[in-house]
Amino acid sequence: MKFATVQAKGQQYYGAVVEDGFIALSPDFPDWPTLREVIAAGGLERLGAAVQDRAVTHPNGTFHYDIPVPAPEKIICVGVNFPDRNAEYKDGTVQPAHMSLFPRFPRSFTGHECPLIRPPENHTLDYEGEVAIVIGNGGRRIKAEDAYDHIAALTLCNEGTIRDWVRHAKFNVTQGKNWDKSGAIGPWLVPFTDAAQLDEARIQTRVNGELRQDDVLSRMMFPIREEIAYISTFTTLVPGDIIVTGTPTGAGARFDPPRYLKPGDVVEVEATGIGTLRNTVEDEA
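A quick note: this is a predicted structure, and the numbers were derived from the prediction, not measured.

A.B. asks: Tell me what's going on with the overall build of the chain, and back it up with residues and numbers.
C.D. replies: A count of helical and extended segments in the chain gives six helices and 19 strands. Compactness check: the chain gives a C-alpha radius of gyration of 18 Å against a globular reference of 19 Å for 285 residues, within 12% of the reference. Viewed in the frame of its principal axes, the chain has a C-alpha envelope of about 55 × 45 × 30 Å. In the chain, buried positions account for 54% of the 285 residues. Residue pairs at least 24 apart in sequence account for 76% of intrachain contacts in the chain once pairs closer than 6 positions are excluded. About 12700 Å² of surface is accessible on the chain, with carbon and sulfur atoms providing 49% of the total.

Next comes the structure, spelled out in structure tokens:
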């Protein structure tokens, strides 16, 4: 089952994505205004049951995708989390003692099939394909062995970055990571029901059909269980929070010369069992 948030004729809906289009379910659940409230109530199973024998309400081509959780309290990204990615920094470290983290704001993301926006101030827009997890059961100081019990769903992220602005400061990357609509989340949420959905998953990124990133989540230096445990040590995780789990090597900045995104490019992020997040690139109007 795939649950999404979409816009149609100026109205936002959530519901199920099927082969022929979209089935709006939000009108039937007025107590849950968005998928964030659905997740907080543990309602994804109820949504799945509501889909049975329902007709498509919005055929393909009559709606566009928003990010699946419209207003998460937190989006926390894990940086430099694959061995080959760590080696790019050439600092002699094999395994950092602690994971690198930074926040992103919801406004910095757009939905599936929507354009990533390259700003006029800087043209070093880059891609980073990642699996993202959505917290279901919140908590503080969650144990790693219990971490998967706190995941409601999985989705994909293109953690688009303005590389030059990442380098503006000595110890933070926030300003390079939060340009409006520079990244994307989606297309939808896939309920998390089995550890194999993460433990056996592969993440790939293609630009104009060319494979640029390709790795398996089992090679992460800080596995997702540890990410949840570490992050929940210093902040309370709440339903709808998103953790963007890390990108493999192969981003455009690491080519010689760099291969940054430009208008007309098509970026696709794909992961086993989740689907494909697809975006074009446009200059800011």
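A.B. asks: Describe the nonpolar core, with residues and values.
C.D. replies: Note that soluble globular proteins tend to have their nonpolar side chains buried in a common cluster. Ranked by internal contacts, the top residues of the largest apolar core, which has 51 residues, are I133, I151, L198, I224 and I228. The next biggest cluster of nonpolar side chains, apart from the first, holds 29 residues, and it includes W32, L44, I75 and F109.

A.B. asks: Outline the sheet that holds strand β9 (residues 116-118), supporting the account with residue identities and numerical values.
C.D. replies: Across the sheet, which stays open at both edges, the five strands sit in the order β9-β19-β18-β15-β16 with mixed pairing between neighbours. Every interior strand has two partners, whereas the edge strands, β9 and β16 (210-216), have only one. The sheet shows a mean angle of 20 degrees between the axes of neighbouring strands, taken without regard to direction. As judged from the five bridges shared by strand β15 (residues 202-207) and strand β18 (residues 266-271), these two strands associate in the antiparallel manner.

A.B. asks: Before we move on, can you summarise helix α6 (residues 224-234) with the specific residues and values?
C.D. replies: Those residues of α6 not exposed but buried are I224, E227, I228, A229, I231 and S232. Close packing links the buried residues of α6 with β6 (75-79), β7 (100-103), β11 (129-135), β12 (151-158), α5 (196-199) and β17 (242-244).

A.B. asks: I'd like to hear about the packing of aromatic side chains, residue by residue, with values.
C.D. replies: Within this structure, the stated rule accounts for seven aromatic pairs. A centroid spacing of 6.3 Å and a plane angle of 65 degrees characterise the contact between Y65 and W188, whose relative ring orientation is edge-to-face. Pair noted here: Y65 is in strand β5 (residues 64-65) and W188 is in strand β14 (residues 183-191), with a separation of 123 residues, a long-range link. Accessibility classification places Y65 together with W188 in one group, the buried group. Where Y230 meets F234, the ring centres are 6.3 Å apart and the plane angle is 75 degrees; that geometry is what we call edge-to-face. Pair noted here: Y230 and F234 are both in helix α6, with a separation of four residues, about one helical turn. On the basis of relative accessible area, Y230 is assigned to the partly exposed category, the value being 33%. You can call F234 partly exposed: its relative accessible area is 49%.

A.B. asks: Can you break down helix α2 (residues 44-51) residue by residue, with the values?
C.D. replies: Turning to α2, its buried residues number three or more, namely L44, L47, G48, A50 and V51. Viewed end-on, α2 has its buried residues packed into an arc of 160 degrees, placing them on one side of the element. Opposite the buried face of α2, by more than 90 degrees, sit the exposed residues E45, R46 and A49. Its buried side turned inward, α2 meets β1 (3-8), β2 (11-18), β3 (21-24), α1 (35-40), β12 and β14. At the exit of α2 stands D53, carrying a positive phi of roughly 60 degrees.

A.B. asks: Explain unusual backbone geometry to me, using residue names and the numbers behind them.
C.D. replies: Looking along the chain, the bond that leaves G186 and enters P187 is cis, with omega of -5 degrees. Turning to its location among the elements, P187 is positioned in strand β14. The peptide bond linking D256 to P257 adopts the cis configuration, its omega dihedral lying at 0 degrees. Looking at the secondary structure, you find P257 in the loop between β17 and β18. Residues other than glycine seldom take positive phi values, yet D53 does so here, at roughly 60 degrees.

Scoring rules and cut-offs
Residues numbered from 1 in each chain as written. Predicted model: local features only at pLDDT ≥ 70, side-chain atom pairs only at ≥ 80, totals over all residues. Heavy atoms only, no water. Helix = DSSP H or I, 4+ residues; strand = E, 2+ residues; numbered from the N terminus. Rg over C-alpha atoms; globule rule 2.2 N^0.38 Å. Buried < 20%, exposed > 50% of the residue type's maximum accessible area, 1.4 Å probe, protein only. Contact = heavy atoms within 4.5 Å. Areas by Shrake-Rupley, 256 points an atom, 1.4 Å probe, with all protein chains shown as cover. Core = buried A, V, L, I, M, F, W, Y, C linked by side-chain atoms within 4.5 Å. Pairing = 2+ DSSP bridges. Axes fitted to C-alpha atoms, helices over the stretch in contact; angles between N-to-C directions. Phe/Tyr/Trp six-rings, centres within 6.5 Å; stacked < 30°, edge-to-face > 60°. Arc of directions from axis to C-beta.

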